[in-house]
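Close look at the chain arrangement
What follows is the residue order along each chain.
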Amino acid sequence: MSGVQKHFGDLHVLKDVDLTVGRGEVVVVIGPSGSGKSTLCRTINRLEGVDEGTITIDGDPLPAEGKALARLRADVGMVFQSFNLFAHKTVLENVTLGPLKVRGTKKADADRRAKELLDRVGVGHQAEKYPAQLSGGQQQRVAIARALAMDPKVMLFDEPTSALDPEMINEVLEVMTDLAKSGMTMVVVTHEMGFARRAADRVVFMADGELVEEADPETFFTSPTSPRAKDFLSKIFTH
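Residues numbered from 1 in each chain as written. Predicted model: local features only at pLDDT ≥ 70, side-chain atom pairs only at ≥ 80, totals over all residues. Heavy atoms only, no water.

As a reminder, the rule being used: UniProt positions are given in the numbering used here, feature names are shortened, and annotations may be inferred rather than shown by experiment.
By the naming in an unreviewed UniProt entry, the protein chain is Amino acid ABC transporter ATP-binding protein, taken from Pseudokineococcus basanitobsidens. The UniProt entry for the protein chain carries the following text under Subcellular location (unreviewed entry): "Cell membrane". The annotation that UniProt attaches to the protein chain under Sequence similarities (unreviewed entry) is "Belongs to the ABC transporter superfamily."

**A closer look at the pattern of salt bridges**
Heads up, the rule is: Salt bridge, as used here, is a side-chain nitrogen of Lys or Arg placed within 4 Å of a carboxyl oxygen of Asp or Glu. A run of H or I in DSSP becomes a helix once it reaches four residues, and a run of E becomes a strand once it reaches two; helices and strands are each numbered from the N terminus. Exposure categories follow from relative accessible area, calculated using a 1.4 Å probe and restricted to protein chains: below 20% of the type maximum is buried, above 50% is exposed, and the middle band is partly exposed.
Under the criterion given, the structure shown has 15 salt bridges. Between Lys 107 and Asp 111 there is a salt bridge whose closest N-O contact spans 2.7 Å. Note that Lys 107 and Asp 111 are positioned in helix H4 (residues 107-120) at a spacing of four residues, about one turn of the helix. Judged by its relative accessible area of 14%, Asp 111 is buried.

**Focus: the packing of helix H3 (residues 91-103) against H4**
The geometry of a pair of packed helices is captured by two quantities: the angle between their axes and the separation between those axes. Selection rule: Axis geometry follows a simple rule: fit a line to the C-alpha atoms, using only the stretch in contact for helices, then measure angles between N-to-C directions, giving values from 0 to 180 degrees. In these notes the angle categories are as follows: under 35 degrees is roughly parallel, over 145 is roughly antiparallel, 65 to 115 is roughly perpendicular, and the rest is oblique. Handedness of a crossing is defined here by the sense of rotation of the near helix relative to the far one, left-handed for an anticlockwise turn of less than a right angle and right-handed for a clockwise turn. Only heavy atoms enter the contact rule, under which two residues are in contact if any of them lie within 4.5 Å. In this classification, the charged set is Asp, Glu, Lys and Arg, the nonpolar set is Ala, Val, Leu, Ile, Met, Phe, Trp, Tyr, Cys and Pro, and all remaining amino acids, among them Gly, are polar.
At a minimum axis separation of 9 Å, H3 and H4 run at an interaxial angle of 125°. Regarding the angle of H3 to H4, the classification is oblique. Crossing hand, H3 versus H4: right-handed. Facing H3, whose interface residues are Val 91, Leu 92, Val 95, Thr 96, Pro 99 and Leu 100, H4 presents Lys 107, Ala 110, Asp 111, Ala 114, Lys 115 and Leu 118. Looking at the contact of H3 with H4, its residues break down into eight nonpolar, one polar and three charged.

**Focus on the packing of aromatic side chains**
Each aromatic ring pair is summarised here by two numbers: the centre-to-centre distance and the angle between the ring planes. Note the threshold: Only rings of Phe, Tyr and Trp enter the pairing, Trp through its six-membered ring, and a pair is recorded when the two centres are within 6.5 Å. The plane angle decides the type: under 30 degrees is stacked, over 60 is edge-to-face, the rest tilted.
By the definition in use, this model includes three aromatic pairs. With centroids separated by 5.2 Å and ring planes inclined at 50°, the aromatic side chains of Phe 205 and Phe 232 adopt a geometry described as tilted. In this pair, Phe 205 sits in strand E10 (residues 202-207) while Phe 232 sits in helix H9 (residues 227-237), placing the two residues 27 residues apart along the sequence. Comparing Phe 205 with Phe 232, the two get one shared label, buried. Here the aromatic cluster, defined as three or more aromatic residues joined through ring pairs, consists of Phe 205, Phe 220, Phe 221 and Phe 232.

**Comments concerning the pairing of strand E2 (residues 11-17)**
Put simply, the rule reads: DSSP calls a pair of strands paired once it identifies at least 2 bridges connecting them.
Two strands pair when backbone bridges link them, and strand E1 (residues 2-8) and E2 are joined in this way by four bridges, in the antiparallel orientation. Its bridge partner lying in E2, His 7 is registered against His 12. Between E1 and E2, which pair antiparallel and follow one another directly, the connecting turn spans two residues, one of which, Gly 9, has a positive phi of 60°.

**A closer look at the UniProt feature "domain: ABC transporter" (unreviewed entry) in the protein chain**
Mapped onto the present numbering, the UniProt feature "domain: ABC transporter" (unreviewed entry) falls on residues 4-233. The annotated region residues 4-233 carries 41% helix and 22% strand content, and the separation between its end C-alpha atoms amounts to 26 Å.

**Things to note about the environment of Ile 236**
Mapping Ile 236 onto the fold places it in helix H9. For Ile 236, a relative accessible area of 28% gives the class partly exposed. Residues Ile 236 and Met 193, 43 residues apart in the sequence, show an inter-C-alpha distance of 9.1 Å.

**Observations regarding H9**
For clarity, the threshold we go by: Read the arc as the range of directions from the helix axis to the C-beta atoms.
Three or more residues of H9 are buried, namely Ala 229, Phe 232 and Leu 233. Seen along its axis, H9 keeps its buried residues to an arc of 95°; they face one direction. The exposed set on the far side of H9, more than 90 degrees from its buried face, consists of Pro 227 and Lys 235. Contacts made by the buried residues of H9 are with strand E3 (26-30), helix H7 (193-199), E10, strand E11 (210-215) and helix H8 (217-222).

**Details of unusual backbone geometry**
One non-glycine residue, Asp 58, lies in the positive phi region at around 60°. By the element assignment, Asp 58 lies in the loop between strand E5 (56-57) and strand E6 (60-61). Take Asp 58: its relative accessible area is 44%, and that puts it in the partly exposed class.

Shown next as structure tokens:
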């Protein structure tokens, strides 16, 4: 991302954002609510357009629309706060839909791969159920499997645990930690500081639409340099 600017009306939500994520890198974006974290995440696969600046993935600029944009979205997996599963399709059908429709994968191959991924995220035994029959944590793990089924170049996570009950958060974070260890390129917007400490290669701190500070987790959490980051961390770690 280079010089990215984004407004919603009078609100300047992304201010001249420069961010480079290397292949296989796990970047965790943290900061107070309303700092532009989710918008940043959503511009990377063009769920939100930008007013100025450029975004490239693997050297290619983000397409504006049409088939090129669909191809890009196939390369950029996204896991949302609300799971966004298709309620009228089974878990297995949710995971195979993208490969069948977008990638043109044969059904037998798509089914086999989906079952592997559902096993990997710990919900293989739920393949024939519908989303409503699963807990929130299980649904979010299905959503992760669905994104992985497209063999994406990069995975975006937009506050993937914030809609979950506390006891379900860890089961999703465990899957994400395993994914991070496997070498997946990941951009994760989250309030889970333990995950940031454990899984991130780099922590990016945002406030008021700006990237205020970035560092490796150890450095960021033990000796932040900016007043905004110090203030943010002191509020989190005193409670």
